[in-house]
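As a plain string of letters, each chain reads:
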There are 2 protein chains.
Amino acid sequence: MVNIRLLTSILLVLIALQSHHAWSQTYGLALHGGAGYMTPESLGPEKSKAYKDALQIALEIGYSTLKKGESSETAIINVISFLEDNELFNSGRGSVLNAEGQVEMDASIMLGKDLSAGAVAGVTTTKHPIKAAALVMNESKHVMMAGDGAEKFSKQNKLEMEEPSYFITDEKRESLKKMQERNSQELDKDQYKGGKGPSDVLNSKFGTVGVVALDKDGNLASGTSTGGMSNKMYNRIGDSPVIGAGTYADNATCAVSCTGHGEYFIRLAVAHEVSALMKHREWDVDKAASHVIHVELENLGGKGGLIALDRRGNVSAPFNTPGMFRGWKLSDGREEVKMFKD
Amino acid sequence: MVNIRLLTSILLVLIALQSHHAWSQTYGLALHGGAGYMTPESLGPEKSKAYKDALQIALEIGYSTLKKGESSETAIINVISFLEDNELFNSGRGSVLNAEGQVEMDASIMLGKDLSAGAVAGVTTTKHPIKAAALVMNESKHVMMAGDGAEKFSKQNKLEMEEPSYFITDEKRESLKKMQERNSQELDKDQYKGGKGPSDVLNSKFGTVGVVALDKDGNLASGTSTGGMSNKMYNRIGDSPVIGAGTYADNATCAVSCTGHGEYFIRLAVAHEVSALMKHREWDVDKAASHVIHVELENLGGKGGLIALDRRGNVSAPFNTPGMFRGWKLSDGREEVKMFKD
C-alpha cells in the first residue's frame, strides 16, 4: 500500500511538473530602434532620456499584449505602430528623406509558425507601414507589394492614410539639407569613427525599428519598419522589406529583425543566414547572430546590427556600430534597455 | 643516372598535369525558361520545337561569350537579353500581364566573387530589365530599385527604352482575358494535374528566365528576369528581384536562379537556402538543390524549380512541376536541352 501511495505521489508530482512546463512557456519580446554612430557624448543626456523612455514604453506595449495572451503578430503590430508614430525613430512619421526630399517607407512582417510573410516597399501615405505589410500577408495572395499598388490596397482595406507632408519633420528636412551640402550619402561614416565629425552625422542611425516576439503559444514573429537611408535614390528598396534580408522568422529556429546598411544585409541574406546557421549547424541563437554580424557582415565591410529571439526566449542583439537602440522584456524577468556598447 | 632521368620525367609529368589542371577550369552555363504545367501533349510538337530551338540558341550565346574568356556577368547579360527579346518567354517582350493589363517586369543579377548584386522591380519601359539590374549593381550604391526610380536611372544611363505597348503580345492579352473570365489567379493549378484543363492553363508557366554561369576565371554569377505572375496585383513583387529568394551567387558555394510560385520562394529564401546547405552542411550542389525543391518547397505547398551550378561545373536542375524549360552547356562536353521530366 505504501508503495502504491508513493508511486501515486511521484506520478502527481510528474504531472504537476509537466503542466508547469506547459504553463511556463517563456514569452516576451526584443526590439531595436536602429543601429548607428551615436555615442553618449554625441547624443547628450536629454535625447538619451527621450530614446530610453520611448523604448521602455514600446516594450511595455508589446509585453502587455503578449501577457494578455495575444499573438506575437499582434504584439509586433502594436509595438511597431507606436514606434512609427514616434518621430524619434526613422519609420512612419519622422522618417528620413530621400534625395528628392520625400519620405518613402518600407516594412515587413513574418510569422514563425507557418512562414507566412508580408511586405511593402516605397509607400508614401500609409500611416502605419507595418499594418500594410500585415495586410499583404493576411489579405492578399502576395508577399511583397510596392508603391502605388501597396497604397491602393491599403486604402481599399481602410488602413489609416496621411498626406505625404505628415511624415516629414523639420529635423529630417534639416538633416537632408546638411547631408546634400556635403554631397555624401548616409553611408560611409568610418571617417567619423571615434566621435569626430558634425553632430548630425554622429547621431545618424541606420534608423529602422524592429521587433521580435514570442507569445504564450510559443509562436515567434518578427517585423521591421523604416524610412530607409537618408538621401537615398528615389525608389531605392533596402533590406527592411526583403524577407530573408531584414526580417525572418521560423519557429524551428528564431525570429530576426535587422538594422544597418541595407545593401550589405541583402547581399548576405542576413536574417535568413542567422536562421540557417541555427538549423544547419545547430548553433544557438547568440552564436549564430554574433557570427553573422561580427564575421560575415564585418568581412564584407557592412555596418549594422540585429535582434534575434529563439523559442525558449533567448535573446541576441549584436551590432558592429558604436550604438544600437535596443531592449527586451521576457516573462522570466529579464528586462533591459540599452543604447551603446555595454 | 637512370634514376635521375626517371625522377625528371616524373617531375615533368607532374608539372604538365598541374598546368593542365590550371588550364582546364571548367566553364559553361545552365539556364531555365520557366517551370510549369506544360506536357508534351499540351505543348504540341511545333511549340516544343520553338522552345527547344530558342533554348539552344541561348546556350550558344552564353557559351561563346564564356569561351572568348568574357566574364560570367557578361554571359548572364547576353543570354538573358536574348530571352527577354524572345516573346516565347515571360520576360521582357512577351511578359504576362498584371490584373490591370500592364506589363511589370522584375530582374536581378548577382556575382559570386564578391556578392555584389543588383535588382529592379516593376519596370515598365526598360527594354532589357537584366541590364537595369546590372546597372544598379555597377553604377549605384544600391542593390534594389523599384518602378519609376529604376526607369529614371536606366534612362539617365542610356539603356534602351520602349513604350509599354512594345512588351505586350496578343497571346498574353488573350491569356489574361481567359484567366480573368475564370476569375482565378495563375496559381493553384493542382486541379489541372494530369493533363486535364484548358490549354492555356496547361501551358501556363511560372515563366521566368534565369541563367547561372561559370567563367574561365572560376567566377560564378546568376541572373533572373520575369514578367511575374499572370493577373498579379498591380505592383506585386515576386521572388525574381529578391536577392536570396529568386537569385543568389557565392563562389564559395554555387549560383542559383529560381522559377516558380514566387511567394513560396521568398518565404523559404530558396536561392540562399541552397547556398546555406552547401556552406553549413557541406552538401553537394545537387543534394542541396534537390532538398530545397523536393522537401522544403514541397512541404510548404509551393511549386517551381531552380537551376544551380557550382564552381567545378556541377549542374542541378530540380523542379516539382510537370515541366521546366532548361538546358546547360559546359566546356567538358556536357550539353542538354530538356523540357519535361526525364
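From a predicted model like this one, the values you see are computed outputs, not experimental measurements.

Rules behind the numbers
Residues numbered from 1 in each chain as written. Chains lettered and ligands numbered in written order. Predicted model: local features only at pLDDT ≥ 70, side-chain atom pairs only at ≥ 80, totals over all residues. Heavy atoms only, no water. Salt bridge = Lys/Arg side-chain N within 4 Å of Asp/Glu carboxyl O. Helix = DSSP H or I, 4+ residues; strand = E, 2+ residues; numbered from the N terminus. Buried < 20%, exposed > 50% of the residue type's maximum accessible area, 1.4 Å probe, protein only. Pairing = 2+ DSSP bridges. Least-squares fit on C-alpha atoms with pLDDT ≥ 70 in both. Contact = heavy atoms within 4.5 Å. Axes fitted to C-alpha atoms, helices over the stretch in contact; angles between N-to-C directions. Patch = residues over 30% accessible without salt bridge, like charges linked within 9 Å, V, L, I, M, F, W, Y side chains within 5 Å. Areas by Shrake-Rupley, 256 points an atom, 1.4 Å probe, with all protein chains shown as cover. Polar contact = N/O pair within 3.5 Å; in protein donor to acceptor, adjacent residues only side chain to side chain. Phe/Tyr/Trp six-rings, centres within 6.5 Å; stacked < 30°, edge-to-face > 60°. Lys NZ or Arg CZ within 6 Å of the ring centre and 35° of its normal. Buried area = accessible area lost by both parts, 1.4 Å probe.

> Got a sec to walk through the pattern of salt bridges? Specific residues and values, please.
Residue and element names in this part refer to chain A. If you walk through the whole model with that rule in mind, you get 30 salt bridges over all chains. Glu-171 is paired through a salt bridge with Lys-47; the nearest N and O atoms lie 3.2 Å apart. Taken together, the positions of Glu-171 in helix α6 (residues 170-182) and Lys-47 in helix α2 (residues 40-67) put the pair 124 residues apart, joining distant regions of the chain. Since its relative accessible area comes to 47%, Glu-171 is described here as partly exposed.

> Before we move on, can you summarise the pairing of strand β13 (residues 323-330) of chain A with the specific residues and values?
Residue and element names in this part refer to chain A. Burial analysis of β13 places 8 of its 8 residues in the buried class, the great majority of the element. Residues of β13 alternate between two faces, with Gly-323, Phe-325, Gly-327 and Lys-329 on one and Met-324, Arg-326, Trp-328 and Leu-330 on the opposite face, all of them buried. In textbook terms, the turn of a hairpin is the stretch between consecutive antiparallel strands, and for β13 and strand β14 (residues 335-340) this stretch comprises 4 residues, one of which, Gly-333, has a positive phi near 100°.

> I'd like a rundown of the relation of the copies chain A and chain B, residues and numbers included.
When chain A is fitted to chain B, the residual RMSD is 0.3 Å, and the transformation amounts to a turn of 179° plus an axial shift of 0.1 Å. In short, the pair behaves as if placed about a two-fold rotation axis. Relative to the rotation axis, the C-alpha of His-280 of chain A is the closest in chain A, positioned 2.9 Å from it. Same-surface contact between copies: 100% of interface residues of chain A are shared with the interface of chain B.

> Outline the sheet that holds strand β11 (residues 304-310) of chain A, listing residues and values.
All names here are of chain A. Spatial strand order, β9-β10-β11-β12: 4 strands in an open sheet with antiparallel pairing. Of all the strands in the sheet, the pair left with one neighbour each is β9 (247-249) and β12 (315-316). Where strand β10 (residues 254-260) and β11 come together, 7 bridges link them in antiparallel fashion. By the bridge assignment for β11, Ala-255 is matched with Leu-309. The strands touched by helix α9 (residues 270-281) are β9, β10 and β11; relative to β10, the strand with the most contacts, the crossing angle is about 145°. Helix-sheet contacts for helix α10 (residues 285-300) involve β10, β11 and β12, and the interaxial angle to β11 is about 165°.

> Which residues make up a nonpolar patch on the surface, and what are the values?
A contiguous nonpolar patch, built from Leu-6, Leu-7, Ile-10, Leu-11 and Leu-14 of chain A and spanning about 500 Å² of accessible area, is present on the exposed surface. One can find Leu-6 of chain A in helix α1 (residues 2-23).

> Kindly report on the environment of Arg-182 of chain A, identifying the contributing residues and their values.
By the element assignment, Arg-182 of chain A lies in helix α6. Sequence separation between Arg-182 of chain A and Tyr-27 of chain A is 155 residues, and the spatial gap between their C-alpha atoms is 46 Å.

> Provide a residue-level description of the side chain of Asn-98 of chain B, including the pertinent values.
Residue and element names in this part refer to chain B. Tracing the backbone shows Asn-98 in the loop between α3 (72-85) and β2 (105-111). Separated by 2.8 Å, the side chain of Asn-98 and the backbone nitrogen of Glu-100 make a polar contact. Not counting chain neighbours up to four residues away, the residues in contact with Asn-98 comprise Glu-104, Leu-176, Asn-231, Lys-232 and Tyr-234.

> Explain the packing of aromatic side chains residue by residue, including any values.
Evaluation of the coordinates by the stated rule reveals 8 aromatic pairs over all chains. Their ring planes at 15° and their centres at 4.1 Å tell us that Tyr-51 of chain A and Phe-325 of chain A sit as a pair that is stacked. Remark: Phe-325 of chain A occurs in strand β13 and Tyr-51 of chain A occurs in helix α2; sequence separation between them is 274 residues. Overall, the relative accessible area of 0% leaves Phe-325 of chain A in the buried class. Aromatic ring contacts, followed pair by pair, group Tyr-51, Phe-89 and Phe-325 of chain A into a single cluster. Here the basic side chain of Arg-267 of chain B rests over the ring of Tyr-264 of chain B, its NZ or CZ set 5.2 Å away from the ring centre.

> Kindly report on the interface of chain A and chain B, identifying the contributing residues and their values.
Chain A puts 45 residues into the contact, and the matching count from chain B is 45 residues. Between chain A and chain B, the buried area comes to about 3900 Å², and carbon and sulfur atoms account for 58% of it. Of all residues in chain A, His-142, Arg-267 and His-280 of chain A bury the most surface against chain B, accounting for 18% of the area lost on that side. For the interface between chain A and chain B, the tally reads 6 salt bridges. Between Glu-273 of chain A and Lys-279 of chain B there is a salt bridge; the shortest N-O distance is 3.4 Å. The tally of links between chain A and chain B comes to 29 residue pairs in polar contact (both at pLDDT 80 or more). Elements with a contribution of two residues or more to the side of chain A that touches chain B: β4 (144-146), α5 (147-156), β8 (236-237), α8 (262-268), α9 and α10 of chain A. By residue number, the principal contributor to the side of chain A that touches chain B is α9 of chain A, which donates 7 residues.

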